[in-house]
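Secondary and tertiary structure notes
Each chain, letter by letter, is given below.
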Amino acid sequence: PFTRNAAGINAFSMGGVNAFDDLTYFALGGSSLESELSFRLFKAPVQTNDLGITTKLKASDRLAFAINAAYDMGPELGGFKTSDMLVGLGASFNVNDMLSVGVTGRYASSSLAKDCSLSGFGADVLATSLLGPVKVTAGVRNLGTKVNGAPMPASISAGAVYELEMAEDSQMTLACDMDYFF
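All of the points below concern the structure found in this document. Bear in mind the structure is a predicted one, so any value in this text is a computation, not a measurement.

Let us now look at the overall build of the chain. For the chain, the helix and strand inventory stands at three helices and eleven strands. Starting at the N terminus and walking to the C terminus, you meet the elements of the chain as α-α-α-β-β-β-β-β-β-β-β-β-β-β. Looking at the chain residue by residue over its 182 residues, the buried ones come to 37%. Counting contacts in the chain only where the partners sit at least 6 residues apart, residues at least 24 apart contribute 46% of the total. Carbon and sulfur atoms make up 64% of the accessible area of the chain, which amounts to about 9,900 Å² in all.

Inspection of every chain in the model, using the stated rule, returns one aromatic pair. For the pair tyrosine 107 and phenylalanine 121, a centre-to-centre distance of 5.2 Å together with 55 degrees between the ring planes defines the contact as tilted. Taken together, the residues tyrosine 107 in strand S5 (residues 99-113) and phenylalanine 121 in strand S6 (residues 116-131) connect sequence positions 14 residues apart. Positioned above the aromatic ring of phenylalanine 26, the side-chain terminus of lysine 58 is 5.9 Å from the ring centre.

With that settled, consider the pattern of salt bridges. Inspection of the entire model under this criterion finds two salt bridges. Notably, a salt bridge pairs arginine 106 with aspartate 124, separated by 2.5 Å at the nearest N-O pair. Of this pair, arginine 106 sits in strand S5 while aspartate 124 sits in strand S6, and the two are 18 residues apart along the sequence. Side by side, arginine 106 and aspartate 124 carry an identical accessibility label, which is buried. Notably, a salt bridge pairs arginine 141 with aspartate 124, separated by 3.5 Å at the nearest N-O pair.

This next bit is on the nonpolar core. Among the nonpolar cores identified, the biggest contains five residues, and these are Leu23, Phe26, Ala27, Ala64 and Ala66. Going through the elements one at a time, helix H3 (23-27) and strand S3 (63-77) are the ones with two or more residues in this core. Contacts of phenylalanine 26, omitting those with residues within four sequence positions, involve Ser31, Ser32, Leu33, Glu34, Lys56, Leu57, Lys58 and Ala64.

Cut-offs and rules
Residues numbered from 1 in each chain as written. Predicted model: local features only at pLDDT ≥ 70, side-chain atom pairs only at ≥ 80, totals over all residues. Heavy atoms only, no water. Helix = DSSP H or I, 4+ residues; strand = E, 2+ residues; numbered from the N terminus. Buried < 20%, exposed > 50% of the residue type's maximum accessible area, 1.4 Å probe, protein only. Contact = heavy atoms within 4.5 Å. Areas by Shrake-Rupley, 256 points an atom, 1.4 Å probe, with all protein chains shown as cover. Phe/Tyr/Trp six-rings, centres within 6.5 Å; stacked < 30°, edge-to-face > 60°. Lys NZ or Arg CZ within 6 Å of the ring centre and 35° of its normal. Salt bridge = Lys/Arg side-chain N within 4 Å of Asp/Glu carboxyl O. Core = buried A, V, L, I, M, F, W, Y, C linked by side-chain atoms within 4.5 Å.

Right, dumping it as structure tokens:
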């Protein structure tokens, strides 16, 4: 399943950088509500469409919640239309003004052929620290169930986002992620 695909516009625009789209990152920010709807169309080499929706709500100064879903409408193979689905829920808690910790759980499913569907549950446990204009995220991603007898690929993940204020009402964001899969 495509558990690592970004579901939000922020992550799409950042090339899928996970640190930029994480709930713990949002919890330390100034927004109280974000909602995104996204659509991607890939033509080559195989046509596929992705539809995603994400909503993040800061319930208080310390607590934030998120729900997201993504659906990938894959190519038709041998008379069968392939698809992937992802649904997730998350919560984040601000320990203080500089540190947020969070957990996101998700259900993922892939339909690969008429008689071949796989599904599983996974969870991310992450922390984000605010260091001036830099936000650093680290944790484990995709801890979960076995799929068809094999574990889903989990990772130790770290990322950083640097937001540079430019002229009035504009900024530049630099971001990177690193993963060690196990």
